[in-house]
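So the chains spell out like this:
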Amino acid sequence: MSATAPTTAEAPTEYICPYQPDVIDIPDEMRCSSGLLKRAARNRPEFRAIGWRDFLLPVTPDVQDGDATLARLEKGDFSFYSYDQLAQMVVECSRGITAIGLKKEDKVGILSINRVEWNVVDMACDMLGIITVPLYDSQSLEEIEFIGNDSEITA
């Protein structure tokens, strides 16, 4: 028996998100990124979790004193951290965050280029109930100041 789409008369007037706790019971460990990481590290510790690659400065006569444009940079091979390694980094980072006195519901700005460490800090904050406010290296100082003030960043 195949399902048919509801007619206009049968269509609900209100959208109900299927992931709301009152609709579907979601285990607590799956409600946030740190819980999902914990689950993945437990079930598939050796699987690739997050990867990166370096951009290498080519050794050529036209590159002098380390001066090169992005277009002339060579891409290195990909490297990966496993779920187990990533989970360990997140736990260590959360210990450091706790040690400097940040606590649940604090608002923390993260200003960084795209890199693995950004994800580690974000997941460590998530684990502790700390709210992260992403800031980007491509934003102007005025934009960063506005976001910082508007979001009430505490660290």
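The protein chain is annotated in an unreviewed UniProt entry as AMP-dependent synthetase/ligase domain-containing protein of Kipferlia bialata.

Ranked by size, the top nonpolar core spans 16 residues in total, and within it L37, L86, V90, I97, V120 and I130 carry the most contacts. At the level of secondary structure, the elements contributing two or more residues to this core comprise α1 (33-43), α2 (83-99) and α3 (116-128). Apart from residues no more than four positions distant in its own chain, I97 is found in contact with L102, V121, A124, C125, L128 and I130.

Turning to the layout of surface pockets, a few remarks are in order. Picture a little ball the size of a water molecule; that probe, rolled over the atoms, points out where space is still empty. Space inside the largest pocket adds up to approximately 300 Å³. Around the largest pocket, the lining comprises 13 residues; the ones closest to its centre are W52, R53, N114, R115 and V116. Elements supplying a minimum of two residues to the lining of the largest pocket: β1 (48-56) and α3. For the lining of the largest pocket, the per-class residue count stands at six nonpolar, three polar and four charged.

The next subject is the packing of aromatic side chains. Counted under the stated rule, the structure contains two aromatic pairs. Taken together, a centroid distance of 6.1 Å and an interplanar angle of 25 degrees make the contact between F78 and F80 stacked. Across the ring face of F80, the terminal group of R48 is positioned such that the distance to the ring centre comes to 4.0 Å.

What follows covers the side chain of D106. Structurally, D106 can be placed in the loop between α2 and β3 (107-112). Take D106: its relative accessible area is 11%, and that puts it in the buried class. Looking at D106, its side chain comes within polar contact range of the main-chain nitrogen of K103, at 2.9 Å. Aside from chain neighbours lying at most four places away, what touches D106 is G101, I130, I131 and T154.

Summed over the entire model, instances satisfying the criterion amount to four salt bridges. Salt-bridge contacts for K107 lead to E152; the nearest nitrogen and oxygen are separated by 3.9 Å. Within this pair, whereas K107 is found in strand β3, its partner E152 is found in the segment after α4 (141-151), the two being separated by 45 residues in sequence. For E117, the salt bridge identified is with R115, shortest N-O distance 2.7 Å. When its relative accessible area of 41% is taken as the criterion, E117 is described as partly exposed. According to the relative accessible area criterion, R115 is partly exposed, its value standing at 42%.

Rules used throughout
- Going along each chain's sequence as written, the residues are numbered from 1 onward.
- Given that this is a predicted model, residues contribute local features only at a pLDDT of at least 70 and side-chain atom pairs are listed and counted only at 80 or more, while totals for whole chains, interfaces and linings are drawn from all residues.
- Only hydrogens and water are removed before side-chain values are computed, so all heavy atoms of the structure are retained for them.
- Put simply, buried Ala, Val, Leu, Ile, Met, Phe, Trp, Tyr and Cys residues joined by side-chain atoms within 4.5 Å make one nonpolar core.
- Per-residue accessibility, obtained with a 1.4 Å probe over protein chains only, is compared with the maximum for each type, and a residue is labelled buried under 20%, exposed over 50%, and partly exposed between these values.
- Under the scheme used here, helices are H or I runs from DSSP no shorter than 4 residues and strands are E runs no shorter than 2 residues, and both carry numbers assigned from the N terminus.
- A contact between two residues is defined here by any heavy atoms of the two lying within 4.5 Å.
- Both cavities and pockets are sets of points on a 1 Å grid over the protein atoms alone; in a cavity a 1.4 Å probe fits but cannot get out, in a pocket the set is open with protein on both sides within 12 Å along at least five of seven lines, and lining residues sit with an atom within 4 Å of a point.
- Grid points are joined across faces, edges and corners, and a volume is the space filled by probe spheres set on the points.
- Residue polarity is assigned by list, with Asp, Glu, Lys and Arg as charged and Ala, Val, Leu, Ile, Met, Phe, Trp, Tyr, Cys and Pro as nonpolar; anything else, Gly included, falls into the polar class.
- Only rings of Phe, Tyr and Trp enter the pairing, Trp through its six-membered ring, and a pair is recorded when the two centres are within 6.5 Å. The plane angle decides the type: under 30 degrees is stacked, over 60 is edge-to-face, the rest tilted.
- Here, over-ring charges are defined by two tests on the NZ atom of lysine or the CZ atom of arginine: distance to the ring centre within 6 Å, and angle to the ring normal within 35 degrees.
- Each polar contact in these results corresponds to two N or O atoms within 3.5 Å; when the atoms are within protein, one needs to be able to donate a hydrogen and the other to accept it, and residues that are neighboring in sequence are counted only if both atoms are side-chain atoms.
- A side-chain nitrogen of Lys or Arg and a carboxyl oxygen of Asp or Glu constitute a salt bridge if their distance falls within 4 Å.

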